[in-house]
Amino acid sequence: MAPLLSRIKAAPLPLNADLARGIAAPCAAQDLVTGIAGSSPYLRGLLRAEESWLETLWEQPPETAFETLLTPIQGPPEAPLRRVKRRAALLSALCDLGGVWDLETVTGALSRLADFALETALQFSLAEARVAGRAPLPKGAGGVVALAMGKMGAGELNYSSDIDLILLYDDDAIESVVQDTARSAYQRVARRAVRILSEQTVDGYVFRTDLRLRPNPSVTPVCVPMGAAERYYEREGRTWERAAFIKARAAAGDLEAGARFLAALTPFVWRRHLDFAAIQDAHDMRLAIRAQKRLVHPPNGPVAARGHDIKLGRGGIREIEFFAQTRQLIAGGRDPSLRAAATCEALRALVAGGWVPEEVASTLTKAYRAHRRLEHRIQMLRDAQTHSLPPGGEALDQAARLSGWGDTDAFLADTAARLETVHRIAEAFFTPGSRRKRIEAPLAAPEGDTMDSWRGLPALRSTRAVDIFERLRPQLVARIAATAQPERTMTRFDGFMRALPAGVQLFSLFESNPQILDLITDICATAPGLAAQLARNTAVLDAVVSGRFFDALPGQAAYESALSAQLDQAGDYEDVLACARRWHREEHFRISVLVLRGLADLDEAEAAYSALAEAVLSSLLPHVCADAARRYGRFARQEIAVLGMGKLGSRQMTATSDLDLIVIYRTEGDAADGRQGLAAPQYFARLTQALITALSTPMGDGRLYEVDMRLRPSGRGGPVAVSLAGFKSYQERDAWVWEHMALTRARVVAGDATLRQDVAAVRAEVLAQQRERPAVFSAVRDMRDRIARARGRVASPWEVKDRPGGILDIELLAQGLALLRGGSTDENPRAQLRAAMTAGFLPPETQQSLVATLRLLCAVQQVARVLVDGPFEPDTLGNSVQTRIADFVGQEVTADRLAELQEDAQAQIGRILG
């Protein structure tokens with residue numbers, strides 16, 4: 001590293017160059033020293049007081065000189081710490097004003113200085129307490145930790161800043177019999193450490209210290225037990241305290257205990273779901289700070305730079321910090337990459353996550369850096385804890401010259417323009433449009449009567465929820481009135497409202513993201529089933545805020561990668577299951593919305609629902625296996641594979657499809673090495689039951705899928721898991737023809753790679769067998785008859801699955817023809833029909849007719865599963881639903897047309913089967 005003297009690239013302007021006389025400096029540093037001494041009374045005093053030390057400084061790398069200052073101090077630290085602070089202040093000012101260090105290096109150095117001073121004071125206080133022998137404090141760091149908050153916590157300390165601390169001690173490390181004695185000792189240690197840092201002596205002070213960020217500072221001691229602090233934040237913690245902990249870090253003392261405490265607060269700081277209510281809280285904090293500091297300006301008046309508080313005033317540093325922190329609080333629970341402590345890093349992360357436009361973040365970052373540099377220069381004038389530009393006179397001219405401006409008026413104009421830009425961006429976020437205005441609008445019946453009846457519902461139980469809703473009410477009325485059938489839409493929205501358990505977070509989400517209110521209105525207008533699901537699971541709306549929500553649907557590999565990343569962040573097994581449910585619920589909702597909006601066609605919807613299910617299975621199975629190994633042990637060698645049947649196997653799943661599964665295993669060894677010594681059948685039966693439970697048991701976050709295992713060998717009478725040898729033997733010797741028909745739609749979807757290949761090979765061998773047409777067609781006829789008897793009479797042509805000539809009928813024929821071909825690898829019945837034509841089993845016109853009918857029926861079924869949660873009768877659901885069906889299917893669909901197609905398909909199938 002080069003010495004300081006050779007790295008000087010800039011210098012401030014002196015307001016009075018004569019004041020620098022008598023201060024020796026090398027030629028290369030003369031302008032820098034003259035500018036500093038001629039414009040800063042405080043720095044001029046340091047230059048004179050540290051003249052002999054300064055002579056040794058010029059030829060050293062400043063980084064080396066700074067590290068030397070942080071040498072451990074032996075003995076009472078008061079005077080040595082003050083000398084270190086004085087020299088560090090001079091060194092950082094020279095590097096800052098001389099263009100040697102950038103802003104981050106300067107603030108990082110000041111933060112490291114604070115860490116060093118705090119650690120020195122704390123350890124000396126602990127040593128004094130131990131020598132006095134008045135408390136049985138734990139060894140080492142003594143169980144006490146100082147959390148650095150605010151700018152110190154983020155490594156962004158300013159030039160003359162105080163340091164915001166929370167002092168804690170680990171009460172779990174103290175024996176109960178000496179808790180009271182230890183508590184008193186910790187208070188003495190804390191007060192002594194603070195006094196070492198902040199007491200004004202003939203040598204000055206080290207750091208002013210602020211402990212008011214601790215829980216309930218008016219009633220709690222200066223050093224708080226960790227257990228009590230955790231309980232406070234869990235029960236009473238407020239949004240501003242959540243924001244404060246974004247920058248928190250353990251800075252001195254027992255760093256491990258501090259890290260454990262901060263980890264325990266993660267659920268408090270980072271909410272699981274998007275938290276748009278934080279916007280109102282942050283805005284209220286902005287207003288409260290302005291009122292407290294008497295910084296209230298005319299709302300539409302220009303920002304005057306003279307006397308302006310660069311930190312707390314309009315367009316200042318705090319505006320930028322609130323802008324970033326509020327977005328971090330909104331989304332940081334879902335996206336850990338947003339949890340950066342430093343403001344500029346946070347803005348970069350928010351751009352990468354799609355939460356802030358790049359040009360906005362760039363503008364705010366430049367303004368933040370300029371504000372912070374100006375803040376430093378204001379404080380360099382007299383080492384005062386101030387953030388306000390002087391209102392005029394010599395001090396204002398000095399601030400301008402330290403900032404490199406020879407024209408004070410131009411300096412003020414530049415500062416005011418930057419403040420105005422930041423203020424405009426912040427106001428657009430915190431008070432967009434008429435957010436803060438109560439809009440009174442006359443409501444026509446039945447909207448007014450219906451909405452008035454919502455008062456007292458759980459969603460509108462709190463005053464805050466009512467206040468937000470009243471601001472939303474005119475927008476909601478307008479959106480409902482614009483739908484094709486406003487009364488039906490209002491009725492469905494009424495059902496949505498009545499099912500909501502709470503309202504503040506959801507209404508805040510609507511207010512901050514009007515596009516989501518549009519989506520909810522659209523869903524209520526056209527998809528009553530989806531609206532009912534939404535009312536029970538409003539958290540899925542978080543996903544809509546993502547800029548990628550309406551992008552093309554991903555494939556199975558992308559789904560699996562995304563879910564695995566989520567599960568890697570989960571804690572125990574239950575947390576894994578809950579995390580999988582939350583992720584699945586959002587992705588499932590996304591597919592359904594794209595179907596609803598016509599942004600995904602039949603093929604894309606079937607593939608996406610199927611890929612989603614496969615990703616869930618393949619990602620969850622290793623966790624289920626690991627939990628089984630923890631409970632029951634393992635075999636010397638064991639493998640497991642899951643065979644997907646039915647719609648999962650043929651990649652034709654809908655929004656409500658269950659999972660038809662067969663679990664197959666292979667082992668070496670007589671018994672698992674767990675305490676119970678389970679044999680393979682019992683072991684894998686339990687593992688399979690655990691998989692079923694993981695997939696289908698309802699929890700707080702809902703369930704993943706219903707699971708059907710009736711297609712396993714021997715059906716309900718057989719074991720829930722079967723060995724590979726048993727599966728192969730059953731398929732070759734005992735399986736019915738209809739079971740081989742089901743195998744034509746089978747596909748290995750999860751498990752160990754080698755066993756997956758072997759299961760696929762067994763399937764291929766079974767399907768390659770030569771079969772007689774009469775036997776296969778007889779089996780198809782028998783299955784059709786069995787299904788018809790089981791289902792009973794299905795009257796409505798809209799029940800496209802079960803009617804004669806419906807989906808099941810056509811698919812059974814396709815599976816039978818696939819068996820006749822032998823060696824078929826196609827799992828999709830539509831592809832099977834096309835292959836049957838190529839093989840000469842179907843005339844081209846019959847194939848085309850059946851495929852077209854099957855495709856239309858599948859499309860109707862696909863959109864029906866999204867639109868309605870129950871019997872599907874479009875004639876009773878309104879024109880909006882019928883329009884949605886036509887848009888998705890690609891043609892107008894009526895009951896008469898469906899009946900005609902089904903009758904024709906039934907007749908064609910009958911002719912083929914004979």
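Before reading on, note that the structure itself is shown above.
The model shown is predicted, which means the values in this text are computed figures rather than measured ones. (Residues numbered from 1 in each chain as written. Predicted model: local features only at pLDDT ≥ 70, side-chain atom pairs only at ≥ 80, totals over all residues. Heavy atoms only, no water.)

## Structural notes on the packing of aromatic side chains
Between two aromatic rings, the relevant description is the distance of the centres plus the angle of the planes.
Then, in step 1: A complete count under the given rule lists 17 aromatic pairs for this structure.
Then, in step 2: An angle of 85° between the planes, with centres 5.3 Å apart, marks the rings of Phe635 and Tyr683 as edge-to-face. Remark: Tyr683 occurs in helix α30 (residues 680-696) and Phe635 occurs in the loop between α28 (602-632) and β6 (637-645); sequence separation between them is 48 residues. Of the two residues, Phe635 and Tyr683, neither departs from the other in class, the shared state being buried.
Then, in step 3: Summarising the aromatic geometry, the rings of Tyr665 and Phe684 are spaced 4.3 Å apart at their centres and angled 0° between planes, so their arrangement reads as stacked. With Tyr665 in strand β7 (residues 659-668) and Phe684 in helix α30, this pair connects stretches of sequence that are 19 residues apart. There is no split in this pair, since Tyr665 and Phe684 are both buried. (Phe/Tyr/Trp six-rings, centres within 6.5 Å; stacked < 30°, edge-to-face > 60°. Helix = DSSP H or I, 4+ residues; strand = E, 2+ residues; numbered from the N terminus. Buried < 20%, exposed > 50% of the residue type's maximum accessible area, 1.4 Å probe, protein only.)

## Some words on the nonpolar core
Then, in step 1: Core analysis: the largest hydrophobic core is formed by 160 residues, its most contacted members being Trp454, Met497, Phe507, Leu541, Phe589, Leu643 and Leu695.
Then, in step 2: For this core, the leading source of residues is α28, giving 16 residues.
Then, in step 3: When residues no more than four places from it in sequence are discounted, the contact partners of Phe589 are Leu519, Ile523, Leu530, Leu534, Val540, Leu541, Val544 and Phe549.
Then, in step 4: Core analysis: the second largest hydrophobic core is formed by 114 residues, Ala29, Ala65, Val84 and Val194 among them. (Core = buried A, V, L, I, M, F, W, Y, C linked by side-chain atoms within 4.5 Å. Contact = heavy atoms within 4.5 Å.)

## Regarding unusual backbone geometry
Then, in step 1: Non-glycine residue Asp383 carries a positive phi angle of around 55°.
Then, in step 2: By relative accessible area, Asp383 is classed as buried at 13%.
Then, in step 3: The phi angle at Arg651 is positive, at roughly 55°, despite the residue not being glycine.
Then, in step 4: Along the chain, the position of Arg651 falls in the loop between α29 (646-649) and β7.

## Regarding the pattern of salt bridges
Then, in step 1: Applying the stated criterion across every chain yields a total of 44 salt bridges.
Then, in step 2: Note that Arg369 and Glu104 form a salt bridge whose closest N and O atoms lie 2.3 Å from each other. Remark: Glu104 occurs in helix α6 (residues 103-132) and Arg369 occurs in helix α16 (residues 358-382); sequence separation between them is 265 residues.
Then, in step 3: The class for Arg369 is partly exposed, based on a relative accessible area of 23%.
Then, in step 4: Residue classification places Glu104 among the partly exposed residues on the basis of a relative accessible area of 34%. (Salt bridge = Lys/Arg side-chain N within 4 Å of Asp/Glu carboxyl O.)

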